[in-house]
Amino acid sequence: MAKAILNCTINGKQIEEYIDVRMSLADFLHNDEGLTSVKKGCEVGECGACTVLIDGETFDSCIYLAIWANGKSIRTLEGLEDREGHLSDIQQAFVDEGAVQCGFCTPGFIMSSVPIIESGKSYTRNEIRKLISGNFCRCTGYEKIIDAIEKTMQKRLDDKKA
Amino acid sequence: MFDFKEFYQPKDLAEALEMHAEHPEAVVLAGGSDVLIKIRGGREAGCDILNIYGLDELRGISMNQDGTLVILPLTSFSHVTRDPIIQKYVPTLGEAVDLVGGPQIRNIGTIGGNICNGVTSADSASTLKAYDAVLELSNAKGKRILPYADFNLGPGKVDLRPDELLTAIMIPKESYEHTYGHYIKYAMRRAMDIATLGCSVNVRLDKEKLHIDRMRIAFGVAAPTPIRAFSAEKVAYGRGFDETLLDDVAKAALDDVNPRSSWRASKEFRIHLIQELSKRALKRSIEKAGGNFNG
(Lines give C-alpha, C1' and ligand atoms only; values in the text may rest on other atoms or scores of the structure.)
Protein backbone atom coordinates (compact mmCIF):
# COMPACT_ATOMS: atom_id res chain seq x y z
CA MET A 1 0.00 0.00 0.00
CA ALA A 2 1.07 3.51 -0.78
CA LYS A 3 2.99 5.43 1.78
CA ALA A 4 3.71 9.13 1.88
CA ILE A 5 5.81 11.53 3.87
CA LEU A 6 4.00 13.58 6.48
CA ASN A 7 5.64 16.79 7.59
CA CYS A 8 3.77 18.66 10.26
CA THR A 9 3.97 20.36 13.61
CA ILE A 10 2.44 18.61 16.60
CA ASN A 11 2.13 20.68 19.76
CA GLY A 12 4.91 22.93 18.52
CA LYS A 13 7.27 20.10 17.59
CA GLN A 14 8.20 19.58 13.94
CA ILE A 15 7.93 15.94 12.85
CA GLU A 16 8.56 13.99 9.67
CA GLU A 17 7.16 10.48 9.30
CA TYR A 18 6.67 8.01 6.50
CA ILE A 19 3.07 6.88 6.88
CA ASP A 20 0.37 4.73 5.29
CA VAL A 21 -1.98 6.96 3.27
CA ARG A 22 -4.99 5.03 4.62
CA MET A 23 -4.33 6.06 8.22
CA SER A 24 -6.61 8.49 10.05
CA LEU A 25 -5.06 11.35 11.95
CA ALA A 26 -6.62 9.93 15.15
CA ASP A 27 -4.76 6.63 14.69
CA PHE A 28 -1.54 8.44 13.84
CA LEU A 29 -1.66 10.71 16.88
CA HIS A 30 -2.83 8.05 19.32
CA ASN A 31 -0.85 5.02 18.15
CA ASP A 32 2.26 6.39 16.44
CA GLU A 33 2.79 9.58 18.42
CA GLY A 34 1.54 8.28 21.76
CA LEU A 35 -0.88 11.17 22.24
CA THR A 36 -3.49 9.15 24.08
CA SER A 37 -5.76 12.12 24.78
CA VAL A 38 -7.02 11.62 21.21
CA LYS A 39 -9.87 9.18 21.78
CA LYS A 40 -11.71 7.17 19.18
CA GLY A 41 -15.37 7.07 20.15
CA CYS A 42 -17.81 6.76 17.28
CA GLU A 43 -15.19 6.85 14.49
CA VAL A 44 -17.69 8.54 12.16
CA GLY A 45 -17.36 12.19 13.15
CA GLU A 46 -20.35 12.37 15.47
CA CYS A 47 -19.05 12.27 19.04
CA GLY A 48 -16.07 14.65 18.95
CA ALA A 49 -13.90 12.58 21.35
CA CYS A 50 -11.06 12.72 18.81
CA THR A 51 -11.23 16.52 18.36
CA VAL A 52 -7.88 18.21 17.68
CA LEU A 53 -6.98 21.65 16.39
CA ILE A 54 -5.53 21.90 12.90
CA ASP A 55 -4.30 25.39 12.06
CA GLY A 56 -6.55 26.68 14.82
CA GLU A 57 -9.80 24.99 13.73
CA THR A 58 -11.47 21.99 15.35
CA PHE A 59 -11.55 18.73 13.41
CA ASP A 60 -12.69 15.20 14.13
CA SER A 61 -9.34 13.46 13.63
CA CYS A 62 -11.05 10.07 13.14
CA ILE A 63 -12.36 11.14 9.72
CA TYR A 64 -9.31 13.16 8.73
CA LEU A 65 -6.60 11.41 6.73
CA ALA A 66 -3.25 11.79 8.48
CA ILE A 67 -1.55 12.85 5.24
CA TRP A 68 -3.94 15.80 4.93
CA ALA A 69 -2.09 17.30 7.89
CA ASN A 70 1.03 17.77 5.76
CA GLY A 71 2.37 21.28 6.29
CA LYS A 72 -0.14 22.00 9.04
CA SER A 73 0.07 22.69 12.74
CA ILE A 74 -1.77 20.28 15.04
CA ARG A 75 -2.60 20.78 18.69
CA THR A 76 -3.83 18.11 21.08
CA LEU A 77 -4.66 18.21 24.78
CA GLU A 78 -1.06 17.25 25.60
CA GLY A 79 0.05 20.60 24.20
CA LEU A 80 -1.95 22.58 26.76
CA GLU A 81 0.12 21.73 29.84
CA ASP A 82 3.20 23.79 30.54
CA ARG A 83 6.70 22.26 30.53
CA GLU A 84 6.49 21.21 34.16
CA GLY A 85 3.23 19.41 33.49
CA HIS A 86 0.93 21.91 35.19
CA LEU A 87 -2.62 21.93 33.91
CA SER A 88 -3.74 24.89 31.84
CA ASP A 89 -6.56 27.13 33.05
CA ILE A 90 -9.23 25.38 30.99
CA GLN A 91 -8.14 21.92 32.17
CA GLN A 92 -8.12 23.08 35.80
CA ALA A 93 -11.58 24.63 35.31
CA PHE A 94 -12.95 21.28 34.12
CA VAL A 95 -11.61 19.73 37.35
CA ASP A 96 -12.84 22.54 39.60
CA GLU A 97 -16.33 22.72 38.11
CA GLY A 98 -16.87 18.95 38.15
CA ALA A 99 -17.13 18.92 34.38
CA VAL A 100 -15.48 15.49 34.25
CA GLN A 101 -17.11 12.22 35.19
CA CYS A 102 -15.92 9.21 33.20
CA GLY A 103 -13.52 11.51 31.35
CA PHE A 104 -13.62 9.90 27.93
CA CYS A 105 -15.09 12.94 26.18
CA THR A 106 -13.05 15.47 28.19
CA PRO A 107 -10.00 15.94 25.90
CA GLY A 108 -12.30 16.50 22.92
CA PHE A 109 -14.43 19.00 24.85
CA ILE A 110 -11.36 20.87 26.04
CA MET A 111 -9.96 21.08 22.49
CA SER A 112 -13.33 22.44 21.31
CA SER A 113 -13.10 24.99 24.14
CA VAL A 114 -9.65 26.24 23.18
CA PRO A 115 -10.75 28.34 20.16
CA ILE A 116 -13.51 29.84 22.34
CA ILE A 117 -11.22 30.97 25.15
CA GLU A 118 -8.41 32.01 22.81
CA SER A 119 -10.68 34.10 20.57
CA GLY A 120 -10.72 37.05 22.97
CA LYS A 121 -14.48 37.25 22.38
CA SER A 122 -17.30 36.98 24.86
CA TYR A 123 -19.83 34.28 24.04
CA THR A 124 -23.24 33.68 25.59
CA ARG A 125 -24.04 30.27 27.06
CA ASN A 126 -26.16 29.51 24.02
CA GLU A 127 -23.31 30.40 21.69
CA ILE A 128 -20.99 28.17 23.73
CA ARG A 129 -23.56 25.37 23.42
CA LYS A 130 -23.47 25.72 19.65
CA LEU A 131 -19.66 25.78 19.57
CA ILE A 132 -19.45 22.52 21.52
CA SER A 133 -22.40 20.87 19.78
CA GLY A 134 -20.04 18.52 17.91
CA ASN A 135 -18.99 16.90 21.19
CA PHE A 136 -21.07 14.37 23.07
CA CYS A 137 -20.94 13.78 26.81
CA ARG A 138 -23.05 10.93 28.18
CA CYS A 139 -22.35 11.65 31.89
CA THR A 140 -22.48 15.28 32.91
CA GLY A 141 -25.52 16.77 31.22
CA TYR A 142 -23.30 19.55 29.80
CA GLU A 143 -24.12 22.27 32.35
CA LYS A 144 -20.84 21.93 34.25
CA ILE A 145 -18.86 21.75 31.02
CA ILE A 146 -20.43 25.03 29.94
CA ASP A 147 -19.69 26.46 33.43
CA ALA A 148 -16.01 25.55 33.05
CA ILE A 149 -15.74 27.11 29.61
CA GLU A 150 -17.68 30.22 30.57
CA LYS A 151 -15.60 30.83 33.70
CA THR A 152 -12.28 30.35 31.87
CA MET A 153 -13.45 32.61 29.05
CA GLN A 154 -14.51 35.28 31.54
CA LYS A 155 -11.29 35.02 33.54
CA ARG A 156 -9.18 35.47 30.44
CA LEU A 157 -11.26 38.46 29.34
CA ASP A 158 -10.91 40.02 32.82
CA ASP A 159 -7.13 39.37 32.88
CA LYS A 160 -6.82 41.02 29.50
CA LYS A 161 -8.61 44.13 30.74
CA ALA A 162 -6.56 44.37 33.94
CA MET B 1 -7.01 2.12 8.41
CA PHE B 2 -9.55 3.10 5.81
CA ASP B 3 -10.17 0.31 3.35
CA PHE B 4 -9.35 1.78 -0.04
CA LYS B 5 -7.05 0.47 -2.75
CA GLU B 6 -5.34 2.87 -5.12
CA PHE B 7 -4.74 6.37 -3.86
CA TYR B 8 -4.30 9.02 -6.52
CA GLN B 9 -2.75 12.18 -5.18
CA PRO B 10 -2.72 15.00 -7.75
CA LYS B 11 -0.52 18.02 -7.08
CA ASP B 12 -2.83 20.47 -8.83
CA LEU B 13 -6.21 20.70 -10.56
CA ALA B 14 -4.78 19.99 -14.03
CA GLU B 15 -3.25 16.75 -12.79
CA ALA B 16 -6.43 15.88 -10.91
CA LEU B 17 -8.46 16.16 -14.12
CA GLU B 18 -5.96 13.99 -16.00
CA MET B 19 -6.01 11.37 -13.25
CA HIS B 20 -9.81 11.50 -13.19
CA ALA B 21 -9.95 10.84 -16.96
CA GLU B 22 -7.53 7.94 -16.56
CA HIS B 23 -9.29 6.50 -13.50
CA PRO B 24 -12.97 7.44 -13.79
CA GLU B 25 -13.92 4.70 -11.31
CA ALA B 26 -11.94 6.34 -8.48
CA VAL B 27 -14.12 7.97 -5.83
CA VAL B 28 -13.44 11.70 -5.51
CA LEU B 29 -12.43 12.51 -1.94
CA ALA B 30 -13.04 16.10 -0.84
CA GLY B 31 -13.66 16.67 2.90
CA GLY B 32 -14.53 13.01 3.39
CA SER B 33 -17.35 13.47 5.89
CA ASP B 34 -19.51 11.30 3.65
CA VAL B 35 -16.97 9.29 1.63
CA LEU B 36 -14.73 8.16 4.50
CA ILE B 37 -17.78 7.16 6.52
CA LYS B 38 -19.14 5.11 3.63
CA ILE B 39 -15.75 3.41 3.29
CA ARG B 40 -15.64 2.64 6.99
CA GLY B 41 -19.21 1.36 6.90
CA GLY B 42 -18.31 -1.02 4.08
CA ARG B 43 -20.48 0.57 1.40
CA GLU B 44 -17.53 1.97 -0.55
CA ALA B 45 -14.89 -0.32 0.93
CA GLY B 46 -12.13 -1.36 -1.43
CA CYS B 47 -12.66 1.58 -3.79
CA ASP B 48 -9.92 3.66 -5.39
CA ILE B 49 -9.55 7.25 -4.24
CA LEU B 50 -8.84 10.47 -6.07
CA ASN B 51 -7.76 12.74 -3.23
CA ILE B 52 -8.49 16.37 -4.07
CA TYR B 53 -8.76 17.70 -0.50
CA GLY B 54 -5.29 19.26 -0.64
CA LEU B 55 -5.93 21.33 -3.78
CA ASP B 56 -5.99 24.83 -2.31
CA GLU B 57 -6.61 26.35 -5.74
CA LEU B 58 -10.19 25.00 -5.35
CA ARG B 59 -10.75 26.94 -2.11
CA GLY B 60 -12.02 30.44 -1.59
CA ILE B 61 -14.77 32.89 -2.47
CA SER B 62 -14.44 35.86 -4.78
CA MET B 63 -16.44 38.23 -6.96
CA ASN B 64 -15.96 38.63 -10.69
CA GLN B 65 -15.92 42.07 -12.34
CA ASP B 66 -19.49 41.57 -13.54
CA GLY B 67 -20.58 40.95 -9.95
CA THR B 68 -20.88 37.16 -10.22
CA LEU B 69 -20.12 35.49 -6.92
CA VAL B 70 -17.72 32.58 -7.31
CA ILE B 71 -17.56 29.92 -4.59
CA LEU B 72 -14.83 27.36 -5.13
CA PRO B 73 -15.99 23.83 -4.29
CA LEU B 74 -13.52 22.87 -1.54
CA THR B 75 -14.46 25.87 0.59
CA SER B 76 -15.55 24.47 3.95
CA PHE B 77 -18.98 25.29 5.36
CA SER B 78 -17.45 27.35 8.16
CA HIS B 79 -15.42 29.38 5.69
CA VAL B 80 -18.55 30.02 3.61
CA THR B 81 -20.33 31.29 6.73
CA ARG B 82 -17.41 33.49 7.79
CA ASP B 83 -16.71 34.95 4.35
CA PRO B 84 -17.34 38.72 4.16
CA ILE B 85 -18.62 38.53 0.56
CA ILE B 86 -21.16 35.86 1.50
CA GLN B 87 -22.19 37.81 4.61
CA LYS B 88 -22.76 40.92 2.53
CA TYR B 89 -24.47 39.53 -0.57
CA VAL B 90 -25.92 36.08 0.20
CA PRO B 91 -26.08 35.81 3.98
CA THR B 92 -28.82 33.19 3.67
CA LEU B 93 -26.29 30.72 2.24
CA GLY B 94 -23.86 31.31 5.10
CA GLU B 95 -26.68 30.87 7.62
CA ALA B 96 -27.89 27.68 5.91
CA VAL B 97 -24.52 25.93 5.94
CA ASP B 98 -24.00 27.01 9.54
CA LEU B 99 -26.74 24.47 10.36
CA VAL B 100 -24.85 21.48 8.95
CA GLY B 101 -23.79 18.89 11.58
CA GLY B 102 -21.61 20.49 14.23
CA PRO B 103 -18.53 22.75 14.28
CA GLN B 104 -16.04 19.99 13.41
CA ILE B 105 -18.15 18.81 10.47
CA ARG B 106 -18.54 22.39 9.22
CA ASN B 107 -14.74 22.74 9.30
CA ILE B 108 -14.13 19.64 7.17
CA GLY B 109 -17.26 19.43 5.00
CA THR B 110 -17.09 21.23 1.67
CA ILE B 111 -19.88 23.00 -0.19
CA GLY B 112 -18.90 21.23 -3.41
CA GLY B 113 -19.05 17.83 -1.76
CA ASN B 114 -22.42 18.73 -0.30
CA ILE B 115 -24.04 19.24 -3.69
CA CYS B 116 -22.07 16.58 -5.63
CA ASN B 117 -23.35 13.92 -3.22
CA GLY B 118 -26.75 14.73 -4.63
CA VAL B 119 -28.74 14.00 -1.50
CA THR B 120 -32.02 15.81 -0.95
CA SER B 121 -31.18 16.82 2.62
CA ALA B 122 -28.02 18.81 1.76
CA ASP B 123 -28.32 22.06 3.71
CA SER B 124 -26.63 24.17 1.02
CA ALA B 125 -28.73 22.76 -1.81
CA SER B 126 -32.08 24.47 -1.38
CA THR B 127 -30.51 27.92 -0.94
CA LEU B 128 -28.25 27.42 -3.98
CA LYS B 129 -31.32 26.31 -5.98
CA ALA B 130 -33.31 29.27 -4.75
CA TYR B 131 -30.51 31.63 -5.85
CA ASP B 132 -30.27 30.05 -9.34
CA ALA B 133 -26.67 28.97 -8.82
CA VAL B 134 -24.70 27.96 -11.89
CA LEU B 135 -22.05 25.24 -11.87
CA GLU B 136 -18.75 25.03 -13.70
CA LEU B 137 -17.90 21.39 -14.46
CA SER B 138 -14.43 20.66 -15.81
CA ASN B 139 -12.61 17.77 -17.39
CA ALA B 140 -9.12 17.55 -18.88
CA LYS B 141 -10.43 18.86 -22.22
CA GLY B 142 -12.34 21.88 -21.01
CA LYS B 143 -15.32 23.04 -19.03
CA ARG B 144 -19.06 23.35 -19.34
CA ILE B 145 -21.53 25.53 -17.53
CA LEU B 146 -24.68 23.95 -16.13
CA PRO B 147 -27.51 25.55 -14.16
CA TYR B 148 -27.67 23.90 -10.75
CA ALA B 149 -31.40 23.52 -11.48
CA ASP B 150 -30.47 20.75 -13.97
CA PHE B 151 -27.77 19.05 -11.88
CA ASN B 152 -29.75 16.59 -9.75
CA LEU B 153 -30.84 13.55 -11.76
CA GLY B 154 -32.16 11.42 -8.90
CA PRO B 155 -31.39 10.50 -5.30
CA GLY B 156 -27.59 10.56 -5.01
CA LYS B 157 -27.27 11.00 -8.77
CA VAL B 158 -25.96 14.19 -10.35
CA ASP B 159 -25.06 15.24 -13.89
CA LEU B 160 -21.34 14.91 -13.33
CA ARG B 161 -19.68 12.90 -16.10
CA PRO B 162 -17.16 10.23 -15.06
CA ASP B 163 -14.16 12.43 -15.91
CA GLU B 164 -15.58 15.69 -14.56
CA LEU B 165 -15.02 17.63 -11.37
CA LEU B 166 -17.08 20.51 -10.04
CA THR B 167 -14.71 23.48 -10.22
CA ALA B 168 -16.91 26.46 -9.29
CA ILE B 169 -20.34 27.41 -7.97
CA MET B 170 -21.50 30.78 -9.27
CA ILE B 171 -24.32 33.09 -8.24
CA PRO B 172 -25.07 35.81 -10.83
CA LYS B 173 -25.46 39.39 -9.63
CA GLU B 174 -29.03 39.61 -10.94
CA SER B 175 -29.84 36.72 -8.63
CA TYR B 176 -28.68 38.19 -5.32
CA GLU B 177 -29.07 41.94 -5.94
CA HIS B 178 -31.79 43.59 -3.78
CA THR B 179 -32.68 40.08 -2.70
CA TYR B 180 -33.21 38.88 0.87
CA GLY B 181 -33.73 35.35 1.99
CA HIS B 182 -34.24 32.97 4.85
CA TYR B 183 -33.52 29.27 5.35
CA ILE B 184 -35.23 27.05 7.88
CA LYS B 185 -33.92 23.63 8.75
CA TYR B 186 -36.39 21.48 10.63
CA ALA B 187 -34.72 18.64 12.50
CA MET B 188 -35.18 16.70 15.72
CA ARG B 189 -32.06 18.20 17.29
CA ARG B 190 -30.49 21.63 17.01
CA ALA B 191 -27.12 20.16 16.02
CA MET B 192 -25.65 16.98 14.58
CA ASP B 193 -28.83 16.11 12.72
CA ILE B 194 -30.00 15.76 9.16
CA ALA B 195 -32.90 17.92 8.03
CA THR B 196 -36.36 16.40 8.26
CA LEU B 197 -37.22 19.23 5.93
CA GLY B 198 -35.39 22.29 4.67
CA CYS B 199 -36.96 25.39 3.12
CA SER B 200 -35.13 28.31 1.55
CA VAL B 201 -36.97 31.41 0.38
CA ASN B 202 -35.76 34.70 -1.04
CA VAL B 203 -37.61 37.78 -2.23
CA ARG B 204 -37.00 40.97 -4.16
CA LEU B 205 -39.59 43.66 -3.47
CA ASP B 206 -40.77 46.47 -5.72
CA LYS B 207 -39.40 49.98 -5.18
CA GLU B 208 -42.10 50.94 -2.70
CA LYS B 209 -41.54 47.72 -0.78
CA LEU B 210 -45.23 46.96 -1.01
CA HIS B 211 -45.31 44.02 -3.41
CA ILE B 212 -43.29 40.99 -4.32
CA ASP B 213 -41.30 41.51 -7.49
CA ARG B 214 -39.66 38.08 -7.36
CA MET B 215 -40.01 35.21 -4.94
CA ARG B 216 -38.05 32.00 -5.16
CA ILE B 217 -38.53 28.98 -2.95
CA ALA B 218 -36.73 25.65 -2.77
CA PHE B 219 -36.96 22.62 -0.51
CA GLY B 220 -34.79 19.83 0.74
CA VAL B 221 -36.31 16.43 1.64
CA ALA B 222 -39.63 17.43 0.03
CA ALA B 223 -38.83 15.22 -2.99
CA PRO B 224 -36.15 12.69 -4.00
CA THR B 225 -33.84 15.62 -4.82
CA PRO B 226 -33.64 19.24 -3.68
CA ILE B 227 -36.31 21.10 -5.69
CA ARG B 228 -37.69 24.52 -6.57
CA ALA B 229 -41.41 25.11 -6.15
CA PHE B 230 -42.27 27.12 -9.26
CA SER B 231 -46.05 26.98 -8.75
CA ALA B 232 -45.60 28.68 -5.39
CA GLU B 233 -43.35 31.31 -6.95
CA LYS B 234 -45.95 32.17 -9.62
CA VAL B 235 -48.65 32.66 -7.01
CA ALA B 236 -46.52 35.19 -5.13
CA TYR B 237 -45.72 37.50 -8.03
CA GLY B 238 -47.01 41.05 -7.57
CA ARG B 239 -48.74 40.31 -4.30
CA GLY B 240 -48.85 42.40 -1.13
CA PHE B 241 -47.86 41.01 2.23
CA ASP B 242 -50.61 39.37 4.23
CA GLU B 243 -51.72 36.02 5.58
CA THR B 244 -53.52 35.06 2.36
CA LEU B 245 -50.24 35.40 0.48
CA LEU B 246 -48.63 32.96 2.91
CA ASP B 247 -51.56 30.55 2.68
CA ASP B 248 -51.63 30.65 -1.12
CA VAL B 249 -47.88 30.10 -1.42
CA ALA B 250 -47.96 27.23 1.07
CA LYS B 251 -50.86 25.59 -0.78
CA ALA B 252 -49.29 26.05 -4.21
CA ALA B 253 -46.01 24.55 -2.99
CA LEU B 254 -47.81 21.26 -2.53
CA ASP B 255 -48.22 21.02 -6.33
CA ASP B 256 -44.45 20.89 -6.73
CA VAL B 257 -43.33 18.56 -3.96
CA ASN B 258 -43.30 14.82 -3.63
CA PRO B 259 -42.31 13.91 -0.06
CA ARG B 260 -42.15 10.38 1.24
CA SER B 261 -42.33 8.65 4.57
CA SER B 262 -39.01 7.69 6.09
CA TRP B 263 -37.89 6.74 9.55
CA ARG B 264 -37.30 10.44 10.24
CA ALA B 265 -40.85 11.54 9.52
CA SER B 266 -44.06 10.53 7.80
CA LYS B 267 -45.17 11.92 4.46
CA GLU B 268 -48.10 13.64 6.20
CA PHE B 269 -45.81 15.42 8.64
CA ARG B 270 -43.54 16.53 5.81
CA ILE B 271 -46.54 17.97 3.93
CA HIS B 272 -47.42 19.89 7.07
CA LEU B 273 -43.81 21.12 7.36
CA ILE B 274 -43.68 22.17 3.71
CA GLN B 275 -46.63 24.50 4.27
CA GLU B 276 -45.58 25.79 7.67
CA LEU B 277 -41.93 26.40 6.78
CA SER B 278 -42.91 28.08 3.49
CA LYS B 279 -45.01 30.56 5.41
CA ARG B 280 -42.41 31.26 8.07
CA ALA B 281 -39.48 31.56 5.67
CA LEU B 282 -41.44 33.80 3.28
CA LYS B 283 -42.62 36.07 6.09
CA ARG B 284 -39.11 36.36 7.46
CA SER B 285 -37.69 37.07 3.97
CA ILE B 286 -40.21 39.87 3.43
CA GLU B 287 -39.27 41.37 6.79
CA LYS B 288 -35.56 41.15 6.02
CA ALA B 289 -36.23 42.88 2.69
CA GLY B 290 -37.83 45.78 4.56
CA GLY B 291 -41.41 44.92 3.74
CA ASN B 292 -44.06 45.70 6.28
CA PHE B 293 -46.16 42.62 6.89
CA ASN B 294 -49.90 43.36 7.16
CA GLY B 295 -48.93 47.00 6.67
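Residues numbered from 1 in each chain as written. Chains lettered and ligands numbered in written order. Predicted model: local features only at pLDDT ≥ 70, side-chain atom pairs only at ≥ 80, totals over all residues.

A. Structural detail: the sheet that holds strand β4 (residues 61–63) of chain B. Residue and element names in this part refer to chain B. Taken in spatial order, the five strands make up an open sheet running β4-β5-β10-β6-β7, and their pairing is antiparallel. Bordering the open sheet on either side are β4 and β7 (142–147), each of which pairs with just one other strand. Going from strand to strand, the sheet's axes swing by 25 degrees on average, the running direction of each strand aside. Where β4 meets strand β5 (residues 69–71), three bridges bridge the pair, whose relative direction is antiparallel. Looking at β5, one finds that isoleucine 61 is bridged to isoleucine 71. (Pairing = 2+ DSSP bridges. Helix = DSSP H or I, 4+ residues; strand = E, 2+ residues; numbered from the N terminus. Axes fitted to C-alpha atoms, helices over the stretch in contact; angles between N-to-C directions.)

B. Fine view of the packing of helix α3 (residues 106–118) of chain A against helix α5 (residues 143–161) of chain A. All names here are of chain A. One way to put it is that α3 packs onto α5 with a least axis distance of 10 Å and a crossing angle of 30 degrees. Taken together, the axis directions place α3 and α5 in an arrangement best described as roughly parallel. Note that α3 runs across α5; the crossing there is right-handed. Together, Phe109, Ser113, Ile116 and Ile117 of α3 and Ile145, Ile149, Thr152, Met153 and Arg156 of α5 make up the contact between the two elements. Taken together, the residues of the contact of α3 with α5 break down into six nonpolar, two polar and one charged. (Parallel < 35°, antiparallel > 145°, perpendicular 65-115°, else oblique. Left-handed = near helix turned anticlockwise from the far one by under 90°. Contact = placed C-beta atoms within 7 Å. Nonpolar A, V, L, I, M, F, W, Y, C, P; charged D, E, K, R; others polar.)

C. Structural detail: the packing of helix α2 (residues 89–96) of chain A against α5(A). Residues and elements named next belong to chain A. Between α2 and α5, whose axes approach to 9 Å, the crossing angle comes to 140 degrees. Here α2 lies oblique to α5, going by the angle between them. Between α2 and α5 lies a crossing whose hand is right-handed. Listed contacts from α5 to Asp89, Ile90, Ala93 and Phe94 of α2 are Ala148, Lys151, Thr152 and Lys155. Taken together, the residues of the contact of α2 with α5 sort by class into four nonpolar, one polar and three charged.

D. How the structure looks around the pairing of strand β3 (residues 47–51) of chain B. Residue and element names in this part refer to chain B. One ladder, built from three bridges, connects strand β1 (residues 4–8) with β3; its direction is parallel. Counted as the bridge partner of tyrosine 8 is leucine 50 from β3. Relative to β3, strand β2 (residues 27–29) runs parallel, the two sharing three bridges. Across the sheet, leucine 29 pairs through a bridge with asparagine 51, a residue of β3. Between β2 and its parallel partner β3, the chain crosses via helix α2 (residues 35–41), and the hand of that crossover is right-handed. (Right-handed = clockwise from strand over helix to strand, strands pointing away.)

E. Representation of the sheet that holds strand β14 (residues 227–228) of chain B in the model. Residues and elements named next belong to chain B. Ordered by their spatial adjacency, four strands build an open sheet running β11-β12-β13-β14, and the pairing between neighbours is antiparallel. Strands at the two margins of the open sheet, each flanked by one partner only, are β11 (180–186) and β14. Of the strand pairs in this sheet, strand β13 (residues 212–220) and β14 are connected by two bridges, and their pairing is antiparallel. From the neighbouring strand, alanine 218 faces β14, where its bridge partner is arginine 228. Docked against the sheet, helix α12 (residues 267–288) engages β11, β12 (197–205) and β13, running at close to 30 degrees with respect to β12.

F. Examining unusual backbone geometry more closely. A positive phi angle is found at A:Glu43, which is not glycine, with a value near 65 degrees. Mapped onto the fold, A:Glu43 is located in the loop between α1 (25–32) and β3 (51–54). Taking the number of C-beta atoms within 10 Å as the measure of exposure, A:Glu43 has 18 and is therefore partly exposed. Despite not being glycine, B:Asp132 has its phi angle at roughly 50 degrees, a positive value. (Buried ≥ 20, exposed ≤ 12 C-beta atoms within 10 Å, placed from the backbone.)

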